[in-house]
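Here's the letter readout for the chains.
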Amino acid sequence: MTDYMKLEKLCNPEFNFEVNILNEVRYIQVPPLLFMPVIEYVIRTTVCGENGKGENIRIDFQMKENQLRFICTYCLRKKESLQVAPAFDKLRQRLDLLYPGGYQLKSDYNDEALCTIGLMLEL
């Protein structure tokens, strides 16, 4: 995932990202490319801050009470509403097969166009 974002950085030098891995997340195995639909969607819809500096995307991984939490925060393009991407439909289908009843996929945004996509997996 970070390699994908580094590749994006090569194509777009103004693109910035931050990945935070908390607790014992490094030792948890999840199916390959599980988070990629979210990352791809966010890269397509994000913009940098007003001054062009700072993180376009911030990703946090955290383990809490047998639950892996993936939280992606980004700025939405102006005058563009937060939409559920078609890729999320496929992601939900995959999650239904891998974690039946054991996941939550949520998205939220505030008036300042700061968006959050959260995926919580019961392990």
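This text gives an overview of the structure that appears in the document. Since the model is a prediction, treat every value here as computed from it, not as a measurement. (Residues numbered from 1 in each chain as written. Predicted model: local features only at pLDDT ≥ 70, side-chain atom pairs only at ≥ 80, totals over all residues. Heavy atoms only, no water.)

This paragraph deals with the overall build of the chain. When helices and strands are tallied, the chain shows three helices and five strands. Written out in order from the N terminus, the α and β elements of the chain read α-β-α-β-β-α-β-β. Each of the 123 residues in the chain was classed as buried or not, and the buried ones make up 36%. If you take every contact in the chain between residues at least 6 apart in sequence, the share linking residues at least 24 apart comes to 67%. Of the accessible surface of the chain, which amounts to about 7,900 Å², a share of 50% is contributed by carbon and sulfur atoms. (Helix = DSSP H or I, 4+ residues; strand = E, 2+ residues; numbered from the N terminus. Buried < 20%, exposed > 50% of the residue type's maximum accessible area, 1.4 Å probe, protein only. Contact = heavy atoms within 4.5 Å. Areas by Shrake-Rupley, 256 points an atom, 1.4 Å probe, with all protein chains shown as cover.)

Enumeration according to the criterion identifies five aromatic pairs in this entry. An angle of 50° between the planes, with centres 5.2 Å apart, marks the rings of Phe-61 and Phe-70 as tilted. Counting every residue linked through ring pairs, the aromatic cluster contains Phe-35, Phe-61 and Phe-70. (Phe/Tyr/Trp six-rings, centres within 6.5 Å; stacked < 30°, edge-to-face > 60°.)

Read across the open sheet, the five strands follow the order β1-β2-β3-β5-β4; overall the sheet is mixed. The open sheet has two free edges, formed respectively by β1 (17–21) and β4 (103–109), since each of these has just one partner strand. Each strand of the sheet is rotated relative to its neighbour by a mean of 10°, with strand direction disregarded. Across nine bridges, the pairing between strand β3 (residues 67–75) and strand β5 (residues 114–122) is antiparallel. Pairing of Gln-67 across the sheet is with Glu-122, part of β5. This element, helix α1 (residues 2–11), spans β1 and β2 (57–64) of the sheet and lies at about 165° to β1. (Pairing = 2+ DSSP bridges. Axes fitted to C-alpha atoms, helices over the stretch in contact; angles between N-to-C directions.)

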